[in-house]
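Residue-level structural notes
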Protein chains: 2
Amino acid sequence: MVTLGLVDLEGLITDPATLANLSHDEAEWAPAGTPFAALRPRSTEDVQRAVRECAAQGVPIVPRGAGTGLSGGANATDGCLVLDLSRMNRIIEIDPDNLLAVVQPGVVNDDLKKAVAARGLWYPPDPASSPWSTIGGNVATNAGGLCCLKYGVTRDYVLGLEVVMGGPVEYGTAVKLGRRTNKGVAGYDLTSLLVGSEGTLGVVTEITLRLRPAPGQQGTVVGAFPGLVEAGEAVALCTKRGLQPAALELIDRACLQAVEDWKHLGIEPDTEAMLLARTETSEDADGLVSAFTDAGAVWTERSTDSAEAEALFAARRLTYPALERLGPLLTEDVCVPRSLVPVMLARIEEIGAKHSVQIATIAHAGDGNLHPLLITPPGDDNARIAAQAAFEDIIDQALDLGGTVTGEHGVGLLKRDGMIRELGPDAHAVQRAVKSTLDPLDIFNPGKA
Amino acid sequence: MVTLGLVDLEGLITDPATLANLSHDEAEWAPAGTPFAALRPRSTEDVQRAVRECAAQGVPIVPRGAGTGLSGGANATDGCLVLDLSRMNRIIEIDPDNLLAVVQPGVVNDDLKKAVAARGLWYPPDPASSPWSTIGGNVATNAGGLCCLKYGVTRDYVLGLEVVMGGPVEYGTAVKLGRRTNKGVAGYDLTSLLVGSEGTLGVVTEITLRLRPAPGQQGTVVGAFPGLVEAGEAVALCTKRGLQPAALELIDRACLQAVEDWKHLGIEPDTEAMLLARTETSEDADGLVSAFTDAGAVWTERSTDSAEAEALFAARRLTYPALERLGPLLTEDVCVPRSLVPVMLARIEEIGAKHSVQIATIAHAGDGNLHPLLITPPGDDNARIAAQAAFEDIIDQALDLGGTVTGEHGVGLLKRDGMIRELGPDAHAVQRAVKSTLDPLDIFNPGKA
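Criteria and thresholds
- Residues numbered from 1 in each chain as written.
- Chains lettered and ligands numbered in written order.
- Predicted model: local features only at pLDDT ≥ 70, side-chain atom pairs only at ≥ 80, totals over all residues.
- Heavy atoms only, no water.
- Helix = DSSP H or I, 4+ residues; strand = E, 2+ residues; numbered from the N terminus.
- Polar contact = N/O pair within 3.5 Å; in protein donor to acceptor, adjacent residues only side chain to side chain.
- Contact = heavy atoms within 4.5 Å.
- Buried < 20%, exposed > 50% of the residue type's maximum accessible area, 1.4 Å probe, protein only.
- Pairing = 2+ DSSP bridges.
- Buried area = accessible area lost by both parts, 1.4 Å probe.
- Salt bridge = Lys/Arg side-chain N within 4 Å of Asp/Glu carboxyl O.
- Nonpolar A, V, L, I, M, F, W, Y, C, P; charged D, E, K, R; others polar.
- Axes fitted to C-alpha atoms, helices over the stretch in contact; angles between N-to-C directions.
- Core = buried A, V, L, I, M, F, W, Y, C linked by side-chain atoms within 4.5 Å.
- Least-squares fit on C-alpha atoms with pLDDT ≥ 70 in both.
- Domains from an automatic or database assignment.
- Parallel < 35°, antiparallel > 145°, perpendicular 65-115°, else oblique.
- Left-handed = near helix turned anticlockwise from the far one by under 90°.
- Expected span 1.5 Å × (residues − 1).

Quick notes on the side chain of B:Asp189
Relative to the helices and strands, B:Asp189 resides in the loop between β9 (173-178) and α6 (190-194). Within the local environment of B:Asp189, its side chain forms a polar contact with the backbone nitrogen of B:Thr191, the two atoms lying 3.4 Å apart. Once residues within four sequence positions are removed from consideration, B:Asp189 is found in contact with A:Arg155, A:Ser192 and A:Leu193.

Quick notes on the pairing of strand β8 (residues 158-165) of chain A
Where a strand is regular, its side chains alternate between the two sheet faces. Residues and elements named next belong to chain A. Burial analysis of β8 places 8 of its 8 residues in the buried class, which makes it a mostly covered element. Bridge count between β8 and strand β10 (residues 203-210): 6 bridges; the pairing is antiparallel. Looking at β10, one finds that Val163 is bridged to Val204. With 6 bridges joining them, β8 and strand β9 (residues 173-178) adopt antiparallel strand pairing. Opposite Met165, over in β9, you have Thr173 as the bridge partner.

Overview of the interface of chain A and chain B
Counting residues at the interface gives 74 residues for chain A and 73 residues for chain B. Taking both sides of the interface into account, the surface hidden between chain A and chain B amounts to around 5,900 Å²; carbon and sulfur atoms contribute 61%. Looking only at chain A, the three residues that lose the most surface to chain B are A:Lys183, A:Val185 and A:Tyr188, adding up to 16% of its buried area. A salt bridge links A:Asp367 to B:Lys183; its shortest N-O distance comes to 3.8 Å. The tally of links between chain A and chain B comes to 23 residue pairs in polar contact (both at pLDDT 80 or more). Of all elements in the fold, only β9, α6 (190-194), β11 (212-213), α7 (228-240) and α14 (416-438) of chain A reach the threshold of two or more residues within the side of chain A that touches chain B. A per-element tally of the side of chain A that touches chain B places α14(A) first, with 13 residues. The class makeup of the residues in the side of chain A that touches chain B is 31 nonpolar, 27 polar and 16 charged.

Looking at the sheet that holds strand β4 (residues 81-84) of chain B
Strands pair in a sheet through their backbones, by hydrogen bonds, and they do so in one of two ways: parallel or antiparallel. Residue and element names in this part refer to chain B. Strand order in the open sheet made by the 4 strands is β1-β2-β4-β3, with mixed pairing throughout. Pairing within the sheet leaves two strands with one partner each, and these edge strands are β1 (12-13) and β3 (61-64). Where β3 and β4 come together, 4 bridges link them in parallel fashion. Bridging across to β4, Arg64 finds its partner in Asp84.

Here we look at the sheet that holds strand β5 (residues 91-95) of chain A
Taken in spatial order, the 5 strands line up as β5-β6-β10-β8-β9 (chain A) in an open sheet, and their pairing is antiparallel. Looking at the sheet topology across the chains shown, the edges are occupied by β5 and β9 of chain A. On average, each strand axis in the sheet is tilted by 10 degrees relative to the strand beside it, whichever way the strands run. Along the sheet, helix α3 (residues 109-117) of chain A contacts β5, β6 (100-103) and β10 of chain A; its crossing angle with β5(A), the most-contacted strand, is approximately 40 degrees. Packing of helix α14 (residues 416-438) of chain B onto the sheet brings it into contact with β8 and β9 of chain A, and relative to β9(A) it is tilted by some 75 degrees.

Topic: the pattern of salt bridges
On inspection of all chains with the given rule, the structure shows 44 salt bridges over all chains. In this structure, the salt-bridge partner of A:Asp396 is A:Arg421, at a minimum N-O distance of 2.1 Å. Taken together, the residues span a long stretch of sequence, with A:Asp396 in helix α13 (residues 381-400) and A:Arg421 in helix α14 at a distance of 25 residues. Residue classification places A:Asp396 among the partly exposed residues on the basis of a relative accessible area of 33%. Salt-bridge contacts for B:Asp400 lead to B:Arg347; the nearest nitrogen and oxygen are separated by 2.7 Å. Taken together, the residues span a long stretch of sequence, with B:Asp400 in helix α13 (residues 381-400) and B:Arg347 in helix α12 (residues 341-355) at a distance of 53 residues.

Topic: the nonpolar core
Core analysis: the biggest nonpolar cluster contains 184 residues, and A:Phe292 and B:Phe292 have the highest contact counts within it. Every residue in contact with A:Phe292, bar those within four places of it in the chain, is listed here: A:Val221, A:Val222, A:Gly223, A:Phe225, A:Ala234, A:Cys238, A:Leu248, A:Leu275, A:Ala297 and A:Thr300.

Some details on the relation of the copies chain A and chain B
Placing chain A over chain B gives an RMSD of 0.0 Å and needs a rotation angle of 180 degrees, together with 0.0 Å of translation along the axis. Expressed as a symmetry operation, the mapping of one chain copy onto the other fits a two-fold axis. Most of the interface of chain A is mirrored in chain B, where 99% of its interface residues are also at the interface.

Brief notes about the domain arrangement of chain A
Residues and elements named next belong to chain A. Taken as a whole, chain A is organised into domain 1 (12-86), domain 2 (89-213), domain 3 (217-318) and domain 4 (326-439). The C-alpha-based centres of domain 3 and domain 4 are spaced at 24 Å. The interface is formed by 14 residues belonging to domain 3 together with 13 residues belonging to domain 4. Buried surface at the junction of domain 3 and domain 4, summed over both partners, amounts to about 1,100 Å²; 66% is from carbon and sulfur atoms. Seen at the junction of domain 3 and domain 4, the total is 5 residue pairs in polar contact (both at pLDDT 80 or more). Those elements that provide at least two residues to the side of domain 3 that touches domain 4 are α7, β13 (247-252) and α8 (253-263). In terms of residue class, the side of domain 3 that touches domain 4 is built from 9 nonpolar, 2 polar and 3 charged.

Points about the packing of α12(B) against α13(B)
Helix-helix packing is described using two parameters, namely the angle between the two axes and the distance between the axes. All names here are of chain B. Contact geometry of α12 with α13 gives a least axis separation of 10 Å together with a crossing angle of 155 degrees. What the angle tells us is that α12 and α13 run roughly antiparallel. In the packing of α12 onto α13, the handedness of the crossing is right-handed. On α13, the residues touching Met344, Arg347, Ile351, Lys354 and His355 of α12 are Ala386, Ala389, Ala390, Asp393, Ile394, Gln397, Ala398 and Asp400. Split into classes, the residues belonging to the contact of α12 with α13 amount to 7 nonpolar, 2 polar and 4 charged.

Some words on the side chain of B:Asn98
For B:Asn98, the position within the fold is in the loop between β5 (91-95) and β6 (100-103). Polar contacts involving the side chain of B:Asn98 include one to the side chain of B:Asp95, which spans 2.9 Å. Ignoring anything within four residues of it in the chain, the contact list for B:Asn98 reads A:Pro337, A:Arg338 and A:Ser339.

Comments concerning the packing of helix α7 (residues 228-240) of chain B against helix α9 (residues 282-294) of chain B
All names here are of chain B. Where α7 contacts α9, the axes come no closer than 8 Å and their chain directions differ by 140 degrees. Comparing their axes, α9 and α7 come out oblique. With respect to the hand of their crossing, α7 and α9 are arranged in right-handed fashion. Contact residues: Ala234, Leu237 and Cys238 in α7; Leu288, Ala291, Phe292 and Asp294 in α9.

With respect to helix α9 (residues 282-294) of chain A
When the terminal C-alpha atoms of α9(A) are compared, their 18 Å separation across 13 residues agrees well with the 18 Å that a helix rising 1.5 Å per residue should span. Positive phi appears at A:Gly296, one or two residues downstream of α9(A), with a value of about 105 degrees.

Brief notes about the environment of B:Arg42
All names here are of chain B. If you trace the backbone, Arg42 turns up in the loop between β2 (37-39) and α2 (44-57). Judged by relative accessible area, which is 45%, Arg42 ranks as partly exposed. When the C-alpha positions of Arg42 and Glu249 are compared, they lie 39 Å apart, and in sequence the two are 207 residues distant. Filtering out sequence-adjacent residues up to four positions away, Arg42 remains in contact with Arg87, Met88 and Gln104.

Below, the structure written as structure tokens:
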């Protein structure tokens, strides 16, 4: 029987219904265990105390933000303490002179965006979950998004961290990693090591983030293509011609069909793929229209008017809810060398046909990051098994093309085997050694990543 | 007596004169030991064999590139094997479709720049040593340069590495880290951990680099200021107004004086500081001229003509050789939050006066990265001692301002104490644990970083 000395801490949760809600993220089908309790710490000291107690009694700790993850990284293990960091949501500092912010992990991505925008600044990482997901969760998974094509992923914005760790230091020690300066090479880059480590090396309690000046006016360019090959050619032409859109998204026929069936936007039935781009200069917008046209687009549209731009992006925005009407979605997240996006899309189609699984694909095409969405009619167990087989086949094909099993969602529970295949035994041995060194008790999110 | 099974390897060097040349980098005053031998491997297999042999006999390995380092990171330790990687200088692949290159570590930075430019591409990191320094050396120190203000440092361009490692794998195993895709979050980011690790975790034998499209035409803006405060204010205004120059350099009165005494360019004696910027848009150039003027510049000049631009940058380019005429230079490399550059410059002046040491400062002002150059008359031992004291004082003041002891040159031998002070005991303990795990025999560049 666990008897944590935490019972007097404000926010300790043992109510089964609340615990159940805090036991999983949004990954369909990833197994979730039953936690011993959950805690909503208010301060680094709360986290330190929890980690000390858990270490003393060998209780696993599963940190979580908003629970919007798609790989089961925040799913509870049996008997664990869930650390729900959503109440540590203070923006500690915004420093416009040095283009940085210091935040607690529970700050919601969009809340930070708004706060820094009010000071004329910009925090670029924009995962689709940004209205709900927390900076701590974004750091744990090294979240990407649309504009990372031009502006990079979460890791590129993390200058420093405060992490409650164990191992080489006493469990419960708050260690400051990184810096406040724009550059710095003193010691190993443990900050980058912690970013994307999915809570397996410690609990992040404070984050120092790099900011950028507010972006200029953005334009939108959309193109409709008669086939995936033409759309892929358009993406390749953009790269060849040195264009630098801030986002370059692809949606396939299955996505377009689902949106059209639901909203009747008038999407032509002969449109097999659509590319949607955000641009920051008129030269880039001109260049994208030319590249789309030269690659065989049926039509292109552009706009710098924000309402029009929103309308042009409607198909992208509506894809996920349109597909969710059809059944639970299993979201893939493979990334391939960007020139191989058309090849990968063709292989995904084959996999869908082979397993009789409906697959619709959104891709951050400019990055080579594809999100095949596997749809299963509710309650159909055979469809579920087929979808899981298709999911594994997609991973195989991505690895076959020199790709990675996860571009931005993280390994969590769904991609562990895939990750081990991708890394190979040597790199995996090095990873395991780092984990054992920094968490010899294996209490930080055990069994993940 | 060491009896490495390496004697039949082509390129093994035991000639004392050559060994002496391979025993140190360009850091004045960093101690260098006497190697047992040196090897110029031609392949990963050569490196693997050397590492296996050295591990079996406990011989330390000191990897080096071109030896242009400024912190003693490549200095030999007694009885070590120097691994001179300059002959592994093949560009294995340039892939314009996926904006990446794969290179051996001995490729010279400028050679890579030229090769990718011929394909319409750009490898941005531009340390001052780029005509000589190798990509492997740049990776070891996470080298920066001028354009990292806008385009980031070496780490931002390293997608993947092949590293001959030990510890969790058998010594001599070539481990592939990272990826070829633009994004990827499978496992811990060991690639970033290795970048900047100064050869202490293994020997990098292959590097997969991210490339960018060739940059557009660059312009140059120069401003002369009556004081450091005004120059600092100009830098702050650039940040506040969201300007994004590709480089923003500052040189102080002592630099200007040395250049003027040597080349008689006609630099006005009342110019206390000069700012030199590279810009990529006319809006940024206009903005910089306004910011310089508003902050109190005595004069400003701008040009998009490349010959004129070179002339405007002459003072920057000539500073180092002009100062070297005055005596050996000890190059500092502190980095402070960028808004504190004027404060740091004032403190450096005070330190120079206190120790009667002549200090001239070049700064990557936009990044907050300062290179105070400490000059000592040749053969003057007291001046040397005073300079070393000033060097330590500068480190103290940078730390006091929330800065780092090394912005881009690396820790090597000269900054070890400073690094430990900066990290604090907890972060240092974590660093040491990572080192012991990945190199339990302590044979990879022992005693460094």
